[in-house]
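A structural walkthrough
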Amino acid sequence: MQKRWLVNKKYPEKFAKKFPEFSSTVLQLLWDRKINNQTLIDEFFGHDYKQNIHDPYLMKDMNKAVKRIFKALENDEKITVYGDYDVDGVTSSVVMIQTLIELKSIISQINREDAKKFISIYIPDREVEGYGLNKKAIEKIKKEKNDLIITVDCGISSFKNVALINKLGMQVIITDHHHVPEKIPEALAIINSRQKDCPYPFKELAGVGIAFKLAQALIENLKNYDSKKLQTTNYKLSPGFEKWLLDFVALGTVADCVDLVGENRTLLTYGLIVINKTQRIGIKKLIQAIGTKTRVNGNITETKSINSTSIGFMLAPRLNAAGRMDHANTSFELLICENKTEAEELISKLEKNNQSRQKITEEAMNEIIDRISKKKKLPKIIIESDPNWKIGIVGLVAGKLANEYSRPFLVLQSQEDLFAGSGRSIPEFNLIEAIEKCKDMLISFGGHSQAAGLKFENKNFKKVKKELESIAEKTLKDEDLIPSIKIDCQIKQNHIDWKLFNEIEKFEPFGQGNQKPVFIIKKLEVHEIRIVGKDNTHLKLCFKSSSKDSIKYFKAIGFRLGKLAKEMPEDKPALRWGDIVDVVFQLEVNEWNGNRELQMNVLDLKISE
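Scope of this entry: the structure provided in the associated data block. Every value quoted in this text rests on a predicted model; they were computed, and no experiment measured them. (Residues numbered from 1 in each chain as written. Predicted model: local features only at pLDDT ≥ 70, side-chain atom pairs only at ≥ 80, totals over all residues. Heavy atoms only, no water.)

So, about the pairing of strand β2 (residues 79-82). Covered by surrounding structure in β2 are I79 and V81 together with T80 and Y82, the residues of both alternating faces. When β2 meets strand β4 (residues 148-152), the two strands line up parallel, connected through four bridges. If you follow V81 over to β4, its bridge partner there is I150. (Buried < 20%, exposed > 50% of the residue type's maximum accessible area, 1.4 Å probe, protein only. Helix = DSSP H or I, 4+ residues; strand = E, 2+ residues; numbered from the N terminus. Pairing = 2+ DSSP bridges.)

This brings us to the state of the cysteines. The final tally for this structure, using the stated rule, is zero disulfides. The thiol of C257 is not disulfide-bonded; the next cysteine sulfur, from C154, is found 19 Å away. (Disulfide = S-S within 2.5 Å.)

A separate point is helix α8 (residues 135-143). Of all the positions in α8, only A137, I138 and I141 are classed as buried. An end-on view of α8 places all buried positions within 100° of arc, on one side of the element. Facing away from the buried side of α8, by more than 90 degrees, are the exposed residues K136 and K143. Packed against the buried residues of α8 are β2, β3 (119-122), β4 and α9 (159-167). The residue sitting at the N-terminus of α8 and contributing the capping side-chain oxygen is N134; that oxygen lies 3.3 Å from the backbone nitrogen of K136. K145 sits one or two positions beyond α8 and adopts a positive phi of about 65°. (Arc of directions from axis to C-beta. Contact = heavy atoms within 4.5 Å. Polar contact = N/O pair within 3.5 Å; in protein donor to acceptor, adjacent residues only side chain to side chain.)

The computed volume of the second largest pocket comes to approximately 770 Å³. Around the second largest pocket sit 26 residues that line it, and Q98, K116, R280, I336 and E338 are the ones nearest its centre. The set of elements that each furnish at least two residues to the lining of the second largest pocket consists of α6 (87-108), α7 (112-115), β3 and α15 (329-336). The class makeup of the residues in the lining of the second largest pocket is 13 nonpolar, five polar and eight charged. (1 Å grid on protein atoms, 1.4 Å probe; cavity = no way out; pocket = protein on both sides within 12 Å on 5 of 7 lines; lining within 4 Å. Points joined across faces, edges and corners; volume = space filled by probe spheres on them. Nonpolar A, V, L, I, M, F, W, Y, C, P; charged D, E, K, R; others polar.)

Before going further, it helps to spend a moment on the packing of aromatic side chains. Across all of its chains, the model carries 16 aromatic pairs by this definition. Seen from their ring centres, Y405 and F409 are 6.0 Å apart, and the 45° between their planes marks the pair as tilted. Grouping aromatic residues by their ring pairs yields a cluster made of Y11, F15, F19, F22, W31, F44, F45 and F507. Its guanidinium or amino end placed over the ring of F159, K183 lies 4.1 Å from that ring's centre, counting from NZ or CZ. The lysine or arginine in question, K606, covers the ring of W5, its NZ or CZ lying 4.4 Å from the ring centre. (Phe/Tyr/Trp six-rings, centres within 6.5 Å; stacked < 30°, edge-to-face > 60°. Lys NZ or Arg CZ within 6 Å of the ring centre and 35° of its normal.)

What follows deals with the nonpolar core. Judged by nonpolar contacts, the single largest core of 85 residues is most densely connected at I69, L100, I150, L214, L251 and L315. Considering each element in turn, this core owes the most residues, 11 residues, to α6. Beyond its immediate chain neighbours, meaning those up to four positions away, L251 contacts V87, T91, I275, I283, I311, L315, L319 and L335. Listed in part, the 41 residues of the second largest apolar core include V26, I491, F501 and F554. (Core = buried A, V, L, I, M, F, W, Y, C linked by side-chain atoms within 4.5 Å.)

All right, on to the environment of L272 then. Along the chain, the position of L272 falls in helix α12 (residues 262-275). Note on L272: relative accessible area 11%, which makes it buried. Once the C-alpha coordinates of L272 and I311 are considered, the two residues, 39 residues apart in sequence, prove to be 9.5 Å apart. Apart from the residues lying within four places of it in its own chain, the contact partners of L272 are A250, I306, N307, S308, I311 and P509.

Attention now goes to the sheet that holds strand β12 (residues 444-447). Sheet architecture is open: five strands sit in the order β9-β10-β11-β13-β12, paired in mixed fashion. The sheet terminates laterally at β9 (382-386) and β12, the two strands that pair on one side only. The mean inter-strand angle of the sheet, taken between neighbouring strand axes irrespective of direction, is 15°. As paired elements, β12 and strand β13 (residues 451-457) share four bridges and run antiparallel to each other. Considered in β13, the bridge of G447 is made with A452. Contacts from helix α16 (residues 340-373) reach β9 and β10 (409-414) within the one sheet, and its direction differs from that of β9 by about 125°. (Axes fitted to C-alpha atoms, helices over the stretch in contact; angles between N-to-C directions.)

Before going further, it helps to spend a moment on empty space enclosed by the protein. Enumeration over the complete set of coordinates arrives at one cavity of 30 Å³ or more. Taken as a whole, the largest cavity encloses approximately 30 Å³ of empty space. Together, L251, I283, L286, L315, L319 and L335 line the largest cavity. Breaking the lining of the largest cavity down by element, the ones donating at least two residues are α13 (281-290) and α14 (308-325). Here the lining of the largest cavity is composed, by residue class, of six nonpolar, no polar and no charged.

Quick look at the structure:
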């Protein structure tokens, strides 16, 4: 099927007049990303840490949370940080644990090893316990004589379990970034910028971003701490402690696919600086283990340093593999590890987990594809289940299939008495809103518009399936289900040069909400074409552009487009030398033996009209 090419609407003329210093291409890229005034432009290109990082005390309940935590630290109360098993949850846990240990050491004037006795971590087992707070974990935490629980990257939907915490005489501070339900828990404090009455100006922080804001507020409060309360001053805040947490923030922010604009962009920019200078043994050893090559959808690129792409496609999958296949404690231990031998052992364990994850993900995908191939007509949301699918990989499978079939997917593990699983969606369908409409039939749920998890009893399977299919049928148009490519703008042949590439580079780091720019260029002649790669998967191309004054050639690679040399979409003849085509592509650099040349990474093409 030929994909839909969705070219973004051109920016208004008044926008160009307001910012004459930018080229037409840069103006379009800014407009597409809703960076449409001087303040947002300065923030986007400025990377000013002091100016772009908002005051954490603007967050609702922040002052209340900080006061309670300091009281606990002063009174030798025991605190448990309750995390989550994905990279966002694990990095959130590390940020909070390390901050609390540092502050406990200073406030009580004890060494960090002794401070650790007052601060505990609890990350649930994905397979056994599932997401968020649960009764058995809470009872265990109470048994260990804890006074305060601080959740990170979870808790906003845990109404009943927060009530249990209160009943058992403990208190809870929730830090979370997920969708805020109509009914929220009765916690001591809830720190979530998505709350309607929260004045915090940026709403798109990851869980680790929210945890970092609490860490910032705690550090700020320490600066104003009454030094008279300290018996000695042998233990002080480590130099640059706050900014050295940003490597964790970078990992969690990219891994959780939040929009890389606004404060997230600034946090990530500085986080990438920190991660490339990191002295943390676990992160350092993991970077050494993966090497400098990054594989993205079959495309292998050499990177001189860690960037958002290498986090998203190389570091994060390995850290995530622990929680998917075994227990996220492995990733947590690696990130706080201070011993080289231990780090190497943990990385070896992660690598084995990652290889197993890849294998069983592919098996589950193939099973669902086989089932789908037997259906006469596909529903607008596809819901599949199996008792043998590991709960840790169902979200991955749903994501890959949602991209492949351009429709929302729910992939569930069927257990003895319940179903549990994850869904992924397409931009046209808000998955968490649809799931929330089924809340009376669910045990638990949570997530975002494009990714969500849920759990419900077996007896409700048919009802939940029918309701979600009904919502999808009413919401999605047939055209929404045709695979599409979003294109920033059309450019002319003479615009493909190093100047354009340098302009694109200024938009890094790329990721969700700030994808690498996609362009369309029309009426190029296919000058060379050959199939390359294992199993003849890819296309190596050279395009030709002729004008009265000159002839230009453009080298190109089309990953996973080798099939076009055999047959074009909609049963049209194979692509061949001399064809005139329209090309959708991203501009990149191909480097080999010290040479650098521009190359078009072809995402799609079709015969020109």
